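# Understanding the architecture of this molecule
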Amino acid sequence: MSSRSRIRYGLAAALLALAGLLVPPSAAASTAPPPSPRPYVYVSGRPYGVALSPDGGLAYVATGRLSPLRVIDTHTLQRTARIYFGSAQDVALSPDGLRAYVTSPGTVYSSVNVVNTVTNTEIGYVGVGDGPLGLAVTPDGRRLYVANSFSDSVSVIDTASEKAVGKIEVGSTPADVVVSPTAAGRTSPTPATGPPLPCP
């Protein structure tokens, strides 16, 4: 090989090496699969509450004032239904998943709307206090408790008759409620007993 050829060969090798250094890592690893996009499901309004069916296959999403209750297939991430009743603030399911309970605060009438999850239709409603927000069902499915933020109370609903059977006065502006895993539905609220807890 002549000296001129060796020089050309050396320059070509140097340029190739430099090009390899300048190639971005993502381009150099072109055989790697591209990152998958983050999965999401678009819903209208502002999603405030969500509840899953017992098998986890469906998500019920409350999307706020003047917006519907959305039903989403969690396997396909597709919206399968929407149910309108003014507003959908929060949602809870019965233990068997056959009923969805949705708080619907209104300017004139506030309620908990009852949805048949088989047909995705509203089948009833129960009047509650002003500004209902969070809600929870007892493990046996017999009682539903609803936090009424504007009337400083918790409504107690009998799910069999779909009627309010009691009201518990609480502190200012309750926003949510949870039920003990061992709680059972009672015919009426049980008053608190014992001395009051000291304030911090």
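Since this is a predicted model, take the numbers as computed values, not measurements.

## Brief notes about the pairing of strand 7 (residues 111–116)
- Counting buried positions along strand 7 gives six out of six residues, so the element sits mostly inside the fold.
- Of the two faces of strand 7, both are covered, the one formed by Ser111, Asn113 and Val115 as well as the one formed by Val112, Val114 and Asn116.
- Bridge count between strand 6 (residues 99–104) and strand 7: six bridges; the pairing is antiparallel. If you follow tyrosine 101 over to strand 7, its bridge partner there is valine 114.
- For strand 7 and strand 8 (residues 121–127), the ladder comprises six bridges, and the chain directions are antiparallel. Bridge assignment links serine 111 to a residue of strand 8, and that residue is glycine 127.
- Connecting strand 7 to the next strand, strand 8, in antiparallel fashion are four residues, including asparagine 120 with a positive phi near 55°.

## Some words on the pattern of salt bridges
- Inspection of the entire model under this criterion finds two salt bridges.
- Arginine 143 is the salt-bridge partner of aspartate 158, the closest N and O atoms lying 2.4 Å from each other. Here aspartate 158 is found in strand 11 (residues 153–158), whereas its partner arginine 143 is found in strand 10 (residues 143–148), with 15 residues between them in sequence.
- Residue arginine 143 is classed as buried on the basis of its relative accessible area of 3%.
- Its salt-bridge partner being lysine 167, residue glutamate 169 comes within 3.6 Å of it at the nearest N-O pair. For the pair formed by glutamate 169 and lysine 167, the shared burial category is exposed.

## Brief notes about the side chain of threonine 138
- Looking at where threonine 138 falls in the secondary structure, it is placed in the loop between strand 9 (132–137) and strand 10.
- Within the structure, threonine 138 has its side chain in polar contact with the backbone nitrogen of arginine 142 (distance 3.4 Å).

Thresholds, definitions, all that
Residues numbered from 1 in each chain as written. Predicted model: local features only at pLDDT ≥ 70, side-chain atom pairs only at ≥ 80, totals over all residues. Heavy atoms only, no water. Buried < 20%, exposed > 50% of the residue type's maximum accessible area, 1.4 Å probe, protein only. Helix = DSSP H or I, 4+ residues; strand = E, 2+ residues; numbered from the N terminus. Pairing = 2+ DSSP bridges. Salt bridge = Lys/Arg side-chain N within 4 Å of Asp/Glu carboxyl O. Polar contact = N/O pair within 3.5 Å; in protein donor to acceptor, adjacent residues only side chain to side chain.

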